[in-house]
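# Examination of the molecular architecture
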Amino acid sequence: MSNTESKKLELPSQVSNITVCVGDIEAGLLTHGSAHHFQPTQEALHVSLTMTRKGLDGYSSGALHPIFSQNLPEGFNRRFIAEKLARYAKVDDMYLLALQGDQGIGALSYQSDICLPELEPVALDDILSYSSASPLFPQLLEKYYLRNSLAGVQPKVSVPHSEVTTERTVEQRDIIVKTFDAEFPLLTVNEFVCMEAARWCGLEPPKTYLSKNLEHYVVERFDSTDAGVRLGYEDFTTLMKKPNDPDAKYSGSYEALLQATLIYTRSQIEVEKLYSYLVFNCLIGNGDAHLKNFALQYTANMNDIFLSPPFDITHTLIYDTIDNKMALKLANGKAFPDTATLLRLAEGKGYRIRNAREIIEQLADGIMEYLKQSNEVQLLQGLRESIESSVAQVTAKSMGITKLRRDRRKKYE
Ligand SMILES: Nc1ncnc2c1ncn2[C@@H]1O[C@H](COP(=O)(O)OP(=O)(O)OP(=O)(O)O)[C@@H](O)[C@H]1O
Ligand SMILES: [Mg+2]
């Protein structure tokens, strides 16, 4: 960014005060001095399921509180913003948070000295049918990086909604556009196939699209209702009070994830939903189903708390640079489970998934059926066979084939 550009945008050199709002309503003040301090300014609304004390006592924390840091960009996106602004500003967590404004995932918005102009939308169809020789993703990044308020390691941008005019006017939701780098060729195809398999199995993921040139995977944002009301969003690093460091999302177990869901939602239905997601991830061979890839959502008054739709599902076993373990522990280990282990997972403290065997069988059949009729699965060589063998490994009754999986290094290390 040039000096004049940064002046034109009136970007401050640092941010130490942010007014935090739930939707449009002020909830408190976040400051950064010797520590990060969140001072609620009203008692009726809370900013996090983990910060619901009565009264107006503040919350001090050395590192930025998990509810605020959970959506800060990691990896590629964080480096991109930091490099762009390095000469003009101290791009720390507070700064990145302030940049989110009201575009962040979830119900919170952040007001500070940073005032960015309204973003112009790009029509979904233009992304899907893009065919010019110069790649589109760098252009999207250039346009939206200042508002790039998404966690996760892979390159991605959030693009605001636009009106798409066909025979009738259709309101397009905000979307997230992801691409891939050389390490994970056609990750776009991979994610599209896994998410569509989830849809075939009835897990109701958000709408997804694959661009014609295969360079972009697009997913609709699910953090507001059809009527446009923003929903609270907390991933399981926040809910389980983990620090926001890159390793924390890989610590913990799927048993603990189910327990936490039971505690926060008090709903057997939500626990069962999560159980289905976990079984699906195991069957499809996703070794990256870590704590930030599951979340709870809720209405502003926190009366209705529910599991988010499934997202960020890929068949990681096809990539040589990723190890063949799961992201979190199950039955004290990170090896992919067999059916017996999944059945034991269904019998937890305080919950029991009564139709676990049926769930496993239906999801396994659903994935196999989906693969048979999917055109997109053919686009990545070996994907279909690799997913089929993953399903077979989980459903085969300990036939000694689990040893086939070699140990490799963890994703993104
Ligand atoms: N459809 C969606 N609606 C709203 N928020 C979403 C959606 N998809 C992803 N997110 C948010 O964006 C973050 C990053 O997305 P995603 O997990 O797909 O990226 P990633 O870079 O592949 O992640 P990872 O580092 O786990 O591989 C998620 O943690 C979640 O907070
Ligand atoms: Mg993710």
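The rules we used
Residues numbered from 1 in each chain as written. Chains lettered and ligands numbered in written order. Predicted model: local features only at pLDDT ≥ 70, side-chain atom pairs only at ≥ 80, totals over all residues. Heavy atoms only, no water. Donors = N, O, S within 2.8 Å, 3.2 Å for Na, K, Ca; no water. Helix = DSSP H or I, 4+ residues; strand = E, 2+ residues; numbered from the N terminus. Buried < 20%, exposed > 50% of the residue type's maximum accessible area, 1.4 Å probe, protein only. Core = buried A, V, L, I, M, F, W, Y, C linked by side-chain atoms within 4.5 Å. Contact = heavy atoms within 4.5 Å. Pairing = 2+ DSSP bridges. Axes fitted to C-alpha atoms, helices over the stretch in contact; angles between N-to-C directions. Salt bridge = Lys/Arg side-chain N within 4 Å of Asp/Glu carboxyl O. Parallel < 35°, antiparallel > 145°, perpendicular 65-115°, else oblique. Left-handed = near helix turned anticlockwise from the far one by under 90°. Nonpolar A, V, L, I, M, F, W, Y, C, P; charged D, E, K, R; others polar. Phe/Tyr/Trp six-rings, centres within 6.5 Å; stacked < 30°, edge-to-face > 60°. Lys NZ or Arg CZ within 6 Å of the ring centre and 35° of its normal. Near = heavy atom within 4 Å. Polar contact = N/O pair within 3.5 Å; in protein donor to acceptor, adjacent residues only side chain to side chain. Areas by Shrake-Rupley, 256 points an atom, 1.4 Å probe, with all protein chains shown as cover. Disulfide = S-S within 2.5 Å.

### Some points on the coordination of the magnesium ion (ligand 2)
Looking at the magnesium ion (ligand 2), one finds its protein donor set to be Asn-293 (OD1) and Asp-312 (OD), positioned 2.2 Å from the metal centre. In this pair, Asn-293 is assigned in the loop between α10 (268-284) and β13 (295-298) and Asp-312 in the loop between β14 (305-307) and α11 (339-345), connecting sequence segments 19 residues apart. On the basis of relative accessibility, which here comes to 7%, the residue Asn-293 falls in the buried class.

### Side note on unusual backbone geometry
Here Leu-186, not a glycine, exhibits a phi torsion of approximately 50°, which is positive. By secondary structure assignment, the location of Leu-186 is in the loop between β9 (175-178) and α7 (187-200). Positive phi outside glycine occurs at Met-302, with the angle close to 65°. Locating Met-302 in the fold gives a position in the loop between β13 and β14.

### Description of the nonpolar core
The biggest cluster of nonpolar side chains holds 79 residues, and the ones touching the most others in it are Tyr-254, Tyr-275 and Phe-280. The greatest single-element share of this core, amounting to 10 residues, is contributed by α10. With residues up to four places along the chain from it excluded, the contact list for Tyr-254 reads Leu-278, Ala-289, Phe-294, Met-326, Ala-327, Leu-328, Lys-329, Leu-330 and Leu-345. Within the second largest apolar cluster, 33 residues are counted, among which are Ala-27, Val-91, Leu-96 and Ala-107.

### A closer look at the sheet that holds β9
Read across the sheet, four strands follow the order β6-β9-β11-β10 without closing on themselves; strand pairing throughout is antiparallel. Looking at the sheet topology across the chains shown, the edges are occupied by β6 (156-159) and β10 (208-210). Neighbour-to-neighbour, the strand axes of this sheet turn through a mean angle of 20°, independent of strand direction. Here β6 runs beside β9; their pairing, made up of four bridges, is antiparallel.

### A few points about the pattern of salt bridges
Going through the model one piece at a time under the given rule, you end up with 13 salt bridges. Here Lys-178 makes a salt bridge to Asp-312, at a shortest N to O gap of 3.3 Å. Pair noted here: Lys-178 is in strand β9 and Asp-312 is in the loop between β14 and α11, with a separation of 134 residues, a long-range link. For the pair Lys-178 and Asp-312, a shared accessibility class is recorded, and that class is buried. Glu-270 is the partner of Lys-273 in a salt bridge, and the nearest nitrogen-oxygen pair spans 3.1 Å. With Lys-273 and Glu-270 both in helix α10 and three residues apart, this pair spans about one turn of that helix.

### Regarding the packing of α7 against helix α12 (residues 356-373)
Between α7 and α12, the shortest axis-to-axis distance is 9 Å and the interhelical angle comes to 120°. The angle between α7 and α12 places the two elements in the oblique class. Crossing geometry of α7 relative to α12 is assigned as right-handed. Seen from α7, the contacting residues are Val-193, Glu-196, Ala-197 and Trp-200; seen from α12, they are Gly-366, Glu-369, Tyr-370, Leu-371 and Gln-373. For the contact of α7 with α12, the class distribution of residues is five nonpolar, two polar and two charged.

### Quick look at the packing of aromatic side chains
What the rule picks out here adds up to eight aromatic pairs. Judged by centre distance (5.6 Å) and plane angle (45°), the ring pair of Phe-222 and Phe-311 falls under tilted. With Phe-222 in the loop between β11 (217-220) and β12 (232-235) and Phe-311 in the loop between β14 and α11, this pair connects stretches of sequence that are 89 residues apart. With respect to burial, Phe-222 and Phe-311 carry one shared label: buried. Ring-pair connections join several aromatic residues into one group, and the members of that group are Phe-38, Phe-68 and Tyr-110. Taking the ring centre of Tyr-59 as reference, the NZ or CZ of Arg-53 above it sits at 4.1 Å.

### Topic: the site of ligand 1
Lining the immediate surroundings of ligand 1 are 24 residues, of which Gln-154, Lys-156, Lys-178, His-290 and Asp-312 lie closest. Interatomic distance of 2.9 Å between a backbone N/O atom of Glu-220 and a nitrogen atom of ligand 1. In the complex, the protein chains occlude 98% of the 610 Å² of accessible area that ligand 1 would expose alone. Only β9 and β11 provide two or more residues apiece to the shell around ligand 1. Here the residues of the shell around ligand 1 sort into 11 nonpolar, four polar and nine charged.

### What to know about the state of the cysteines
Applying the stated criterion across every chain, the model contains zero disulfides. We note that Cys-201 lacks a disulfide partner, and the nearest cysteine sulfur, in Cys-194, lies 11 Å from it. Not engaged in a disulfide, the cysteine Cys-282 finds its nearest cysteine sulfur in Cys-194; these two sulfurs lie 13 Å apart. The class for Cys-282 is buried, based on a relative accessible area of 4%.

### Quick look at the side chain of Thr-237
Examined against the element boundaries, Thr-237 turns out to sit in helix α8 (residues 236-239). Polar contacts involving the side chain of Thr-237 include one to the side chain of Asp-235, which spans 2.4 Å. Apart from the residues lying within four places of it in its own chain, the contact partners of Thr-237 are Lys-242, Lys-249, Leu-291 and Lys-292.

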